[in-house]
Each structure stands twice: as C-alpha cells, then as structure tokens.
Amino acid sequence: MIALGCDHGGYDLMQEVIAYLEEKKVPYKNFGTDSKASCDYPVFGKNVAMAVANKECEFGILICGTGIGISMAANKVAGVRAALCHDCFSAEATRQHNNANVLCMGGRVVGPGLALKIVEIFLNTEFSNDDRHIRRISMLEN
Ligand code: RB5
C-alpha cells in the first residue's frame with residue numbers, strides 16, 4: 001500500500017501519479033489534498049509519514065511545489081526516511097543506500113514523464129541490505 005499526499009503545488013502531478021498507480025494496479029491510500037485550493041503542506045507530509053511509520057503503508061509519495069517543505073515535514077517523523085528526488089539516479093540510489101520509504105517531488109520542478117519514471121524506479125528498487133548502509137541508517141534514528 002502506497003500512502004499519497006500533496007499540497008496545492010503538487011496537486012496536478014499527484015493526479016498523474018494516481019493514474020499511473022491505477023494503471024499498474026498498485027494499491028494506494030490518498031491522504032489529500034483533494035483540490036488546488038491553497039493548503040498547508042506540513043499537514044499532508046505528517047499524515048503520510050505517520051502512515052508509513054506505523055506500517056499502515058509500505059511507502060509514501062509526497063508532492064508539493066518544490067518537494068522541499070513536504071520532505072522536511074515527513075522527515076520529522078521517527079522511522080521515516082523521506083528523499084527528495086528529481087532524477088532517476090537519486091531515486092535508485094536512495095532506495096539502495098538509504099532504504100528511503102517516502103519519495104518526495106516538486107510538482108513545479110519536474111514534468112510528469114520524468115516524475116513517473118522516478119516513481120517506477122523508487123517503487124521497484126530494493127534496499128541493498130549492505131552492512132554499512134544498515135549501520136548508517138540506524139545512526140539516523142539515534
Ligand atoms: C506553496 O506555494 C509552496 O510553498 C509549497 O508547495 C512547497 O513548495 C513548499 O516547500
């Protein structure tokens with residue numbers, strides 16, 4: 001299950017992500033926002049992060065205008081490793097090295113073609129399970 005959240009700056013791109021997940025038959029839970037009306041990204045970042053932290057959802061995808069504010073919000077929640085990715089290399093590396101569990105993007109930064117490729121890579125790349133990466137991730141929590 002993928003937890004989804006966005007603000008007004010990420011709303012349009014999130015509709016593309018939802019269409020992609022539906023086409024691929026990937027289950028998701030949408031935490032909003034549900035319109036382009038101005039709203040506060042910390043609310044959605046926190047709600048998605050909580051759903052990932054409490055294991056209701058395996059991964060989260062968060063989108064605001066830049067991806068920055070909503071990633072800051074998500075990373076305040078213990079157990080969440082939110083990664084802001086606007087390229088395919090970062091999306092792959094953050095799964096392999098950081099075991100990132102939340103993907104953040106900026107709806108005003110990337111177009112839908114690149115964004116959906118980033119989503120595909122993020123959701124389909126496994127954590128390396130290398131000792132050094134496990135050690136470094138555990139250091140983030142302490
Ligand atoms: C909203 O205008 C914008 O500030 C927000 O979407 C995001 O970019 C914040 O980091």
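Quick caveat, the model's predicted, so the values are computed rather than measured. (Residues numbered from 1 in each chain as written. Predicted model: local features only at pLDDT ≥ 70, side-chain atom pairs only at ≥ 80, totals over all residues. Heavy atoms only, no water.)

**As for a nonpolar patch on the surface**
Taken together, the side chains of Ile68, Met72 and Leu84 define a hydrophobic patch exposed on the protein surface, amounting to about 270 Å² of accessible area. Tracing the backbone through its elements, the reader meets Ile68 in helix α3 (residues 68-74). (Patch = residues over 30% accessible without salt bridge, like charges linked within 9 Å, V, L, I, M, F, W, Y side chains within 5 Å. Areas by Shrake-Rupley, 256 points an atom, 1.4 Å probe, with all protein chains shown as cover. Salt bridge = Lys/Arg side-chain N within 4 Å of Asp/Glu carboxyl O. Helix = DSSP H or I, 4+ residues; strand = E, 2+ residues; numbered from the N terminus.)

**Notes on the UniProt feature "binding site: D-ribulose 5-phosphate" (unreviewed entry) in the protein**
On the UniProt side, "binding site: D-ribulose 5-phosphate" (unreviewed entry) is annotated at positions that read Asp7, His8, Gly65, Thr66, Gly67, Ile68, Gly69, Asn98, Arg108, Arg132 and Arg136 here. These annotated residues cover 130 residues of sequence, and their C-alpha atoms reach 38.6 Å apart at the extreme, placing them across more than a single site. Residue classification places Ile68 among the partly exposed residues on the basis of a relative accessible area of 40%. The residue Arg108 is located in the loop between β5 (102-106) and α5 (112-124) in this model. Judged by its relative accessible area of 63%, Arg108 falls in the exposed class. (UniProt positions renumbered as here; feature names shortened; annotations may be inferred. Buried < 20%, exposed > 50% of the residue type's maximum accessible area, 1.4 Å probe, protein only.)

**Re the pairing of strand β1 (residues 2-6)**
Counting buried residues along β1, five of its five residues qualify, which places the element largely inside the surrounding structure. With burial as the criterion, each face of β1 is covered, one bearing Ile2, Leu4 and Cys6 and the other bearing Ala3 and Gly5. Relative to strand β2 (residues 28-30), β1 is paired through three bridges, and the arrangement is parallel. Residue pairing in the sheet places Leu4 in a bridge with Asn30 of β2. Where β1 and strand β3 (residues 59-64) come together, five bridges link them in parallel fashion. Looking across to β3, one finds that Cys6 is bridged to Ile63. (Pairing = 2+ DSSP bridges.)

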